[in-house]
Amino acid sequence: MKAFYDLHLHSCLSPCGDQDMTPNNIAGMAKLCGLQIIALTDHNTCKNCRAAIEAGRKQGVCVVPGMELCTAEEIHVVCLFPTLQSALSFDEAVYPHLMDIKNRPDIYGQQLLLDENDEPAGIEEKLLITAADIPLYGLSQFVAGFGGTCFPAHIDRDSYSVLSVLGEIPPEEQFAAVEITAGGDTAALKKQHPVLSEMILLKDSDAHYLENMQEASSFLELPELSAQCLIQALRDKTTKWRR
């Protein structure tokens with residue numbers, strides 16, 4: 001089946017995420033946009049994934065638990081997991097690697113933890129947008145140890161991207177997919193980086209505001225709508241896809 005997706009979304013737990021990006025608002029907007037499978041990928045945390053999964057169930061939208069990890073090199077990588085428990089275990093492993101800096105809501109924004117009804121469940125005190133002291137090299141294997149998969153985010157951006165920092169897609173990481181922004185020139189990128197011709201080229205919104213979530217246009221072929229099938233598809237370079 002064609003599964004229309006958006007695999008890079010931020011909730012109000014990300015300090016740069018709008019406070020309207022609640023689990024139920026995200027799930028509801030995903031349904032309005034015609035999306036069938038989405039991923040919640042807050043900066044360096046998975047702690048709002050439980051609520052997002054429950055909100056998605058109410059809307060008939062499959063929510064994959066994930067995280068946008070900022071590596072030691074300041075490269076953003078989307079990490080996705082087959083179960084909530086595996087995502088939360090990864091969260092616990094990453095948390096000690098974040099800089100011990102307290103969030104300043106007046107500067108960076110609130111970091112709100114919500115329950116499945118969008119009710120307050122707490123506030124994350126540690127600033128989440130700093131780089132973790134986890135390098136890109138070896139990250140694929142690290143994520144796989146939790147049953148997950150990962151791909152470099154918005155590779156065509158001038159900052160926080162693998163190409164802006166390293167100038168290449170590290171072959172030793174064996175990424176099966178990368179994310180290119182909606183306006184990215186895929187033809188030019190493939191010419192400059194031939195390895196991209198062998199990879200799944202994802203198009204996600206990286207939405208921090210509800211109005212930035214994308215209408216259904218990109219799809220992956222999945223046997224069923226589940227986090228497990230999505231992760232397998234992203235590992236399988238023969239999966240049919242369209243940006």
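We now turn to the structure provided with this report. Here the structure is a predicted model, which means the values were calculated and not measured. (Residues numbered from 1 in each chain as written. Predicted model: local features only at pLDDT ≥ 70, side-chain atom pairs only at ≥ 80, totals over all residues. Heavy atoms only, no water.)

With that settled, consider the packing of helix H1 (residues 23–32) against helix H2 (residues 49–59). The N-to-C vectors of H1 and H2 enclose an angle of 40°; their axes lie 8 Å apart at closest approach. Comparing the axis directions of H1 and H2 gives the class oblique. For the element pair H1 and H2, the recorded crossing hand is right-handed. Here Pro23, Asn24, Ala27, Gly28 and Lys31 of H1 come into contact with H2, specifically with Ala51, Ala52, Ala55, Gly56, Lys58 and Gln59. For the contact of H1 with H2, the residue count by class is five nonpolar, four polar and two charged. (Axes fitted to C-alpha atoms, helices over the stretch in contact; angles between N-to-C directions. Helix = DSSP H or I, 4+ residues; strand = E, 2+ residues; numbered from the N terminus. Parallel < 35°, antiparallel > 145°, perpendicular 65-115°, else oblique. Left-handed = near helix turned anticlockwise from the far one by under 90°. Contact = heavy atoms within 4.5 Å. Nonpolar A, V, L, I, M, F, W, Y, C, P; charged D, E, K, R; others polar.)

For strand S3 (residues 62–70), a buried count of nine out of nine residues is recorded, marking the element as mostly surrounded by other parts of the structure. On S3, burial covers both faces: Cys62, Val64, Gly66, Glu68 and Cys70 on one face and Val63, Pro65, Met67 and Leu69 on the other are all buried. Here strand S2 (residues 37–43) runs beside S3; their pairing, made up of seven bridges, is parallel. Its bridge partner lying in S3, alanine 39 is registered against valine 64. You can see the chain leave S2, run along H2 and come back into S3, and the turn it takes is right-handed. Bridging between S3 and strand S4 (residues 76–80) involves five bridges; their strand directions are antiparallel. Note that in S4 the partner of leucine 69 across the bridge is valine 77. Hairpin connection from S3 to S4: five residues lie between these consecutive antiparallel strands, with glutamate 74 at a positive phi of about 65°. (Buried < 20%, exposed > 50% of the residue type's maximum accessible area, 1.4 Å probe, protein only. Pairing = 2+ DSSP bridges. Right-handed = clockwise from strand over helix to strand, strands pointing away.)

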